Amino acid sequence: MGRVFILVGRSASGKTSLQNFLSKELDAPIHVSCTTRSRREGEVDGLDYHFLTQEQFLAKDMLEKAEFAGNLYGIQKCDFEEILDKNKVSLLITEQSGARLFKELYGDKVVTILLDMAADISKELLLRRDGVVQGTKRFKHDETLDWSINGYDWVVKETGTNWNEVRLSVLDIIQSYS
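Basis of the calculations
- Residues numbered from 1 in each chain as written.
- Predicted model: local features only at pLDDT ≥ 70, side-chain atom pairs only at ≥ 80, totals over all residues.
- Heavy atoms only, no water.
- Helix = DSSP H or I, 4+ residues; strand = E, 2+ residues; numbered from the N terminus.
- Buried < 20%, exposed > 50% of the residue type's maximum accessible area, 1.4 Å probe, protein only.
- Contact = heavy atoms within 4.5 Å.
- Pairing = 2+ DSSP bridges.
- Axes fitted to C-alpha atoms, helices over the stretch in contact; angles between N-to-C directions.
- Core = buried A, V, L, I, M, F, W, Y, C linked by side-chain atoms within 4.5 Å.

**Notes on the environment of Ile113**
Here's step 1: Within the secondary structure layout, Ile113 lies in strand 7 (residues 110-117).
Here's step 2: Look at Ile113 and you get buried, because its relative accessible area is 0%.
Here's step 3: Dropping the residues within four chain positions of it, Ile113 is found in contact with Phe5, Ile6, Leu7, Val8, Trp154, Val156, Val170 and Ile173.

Structure, rendered in structure tokens:
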């Protein structure tokens, strides 16, 4: 059984880009979440998300479930455990509650990494990336979450301009476990 490295961070903190970089560098699989939301342009089913109807989602055995903007998100237990069993390193993005749950369920097989970004930087990046309406909505959701640095195995400071430093720091963290 391997380890899953869970990335947690505000919207627009670079979690997905970091996960993709790490997956390529480490040849590590990504745990793909399920969602009931519509597929966005360019997204691939099974790569970005497993896109499901609400009925399909509710019929699955999920380790974690969350709702955002009327859509459900979750990680299937069987998929998670199969990837964890077959790989030395795997990667997952989730919110704080999901990271705590996975840590509770799988103990030292889970390593949590918070990308610690200031709210004002996140908001600026969100508005630039998603536009005013969607960016504001995502930012307001982020503001309902607990962003204290307590409870994570690792905290990496994300300034919005130190991308290469963040990538190398997280890569070093993961490699320190092998």
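**A look at the sheet that holds strand 8 (residues 154-158)**
Here's step 1: One open sheet holds the four strands; their spatial order is 6-1-7-8, and the pairing between them is parallel. The open sheet has two edge strands with one neighbour each: strand 6 (89-93) and strand 8. The sheet shows a mean angle of 25° between the axes of neighbouring strands, direction not considered.
Here's step 2: Both strand 1 (residues 3-9) and strand 7 contribute to a ladder of six bridges, which runs parallel. By the bridge assignment for strand 7, Val8 is matched with Leu114.
Here's step 3: Across the face of the sheet, helix 1 (residues 15-26) comes into contact with strand 1, strand 6 and strand 7 while running at roughly 170° to strand 6.
Here's step 4: Docked against the sheet, helix 6 (residues 163-175) engages strand 1, strand 6, strand 7 and strand 8, running at close to 170° with respect to strand 8.

**Looking at the nonpolar core**
Most often, soluble globular proteins have nonpolar side chains that are buried together.
Here's step 1: Counting 17 residues, the largest nonpolar core has Phe5, Leu18, Leu22, Ile113, Val156, Val170 and Ile174 as the members making the most contacts within it.
Here's step 2: Among the elements of the structure, strand 1, helix 1, strand 6, strand 7 and helix 6 are those that each provide at least two residues to this core.
Here's step 3: With five residues, the top contributor of residues to this core is helix 6.
Here's step 4: Leaving out residues up to four positions away in the same chain, Leu18 has contacts with Leu7, Leu115, Trp163, Val166, Arg167 and Val170.
Here's step 5: Of all hydrophobic cores here, the second largest spans 15 residues; its members include Leu92, Tyr106, Leu114 and Tyr152.

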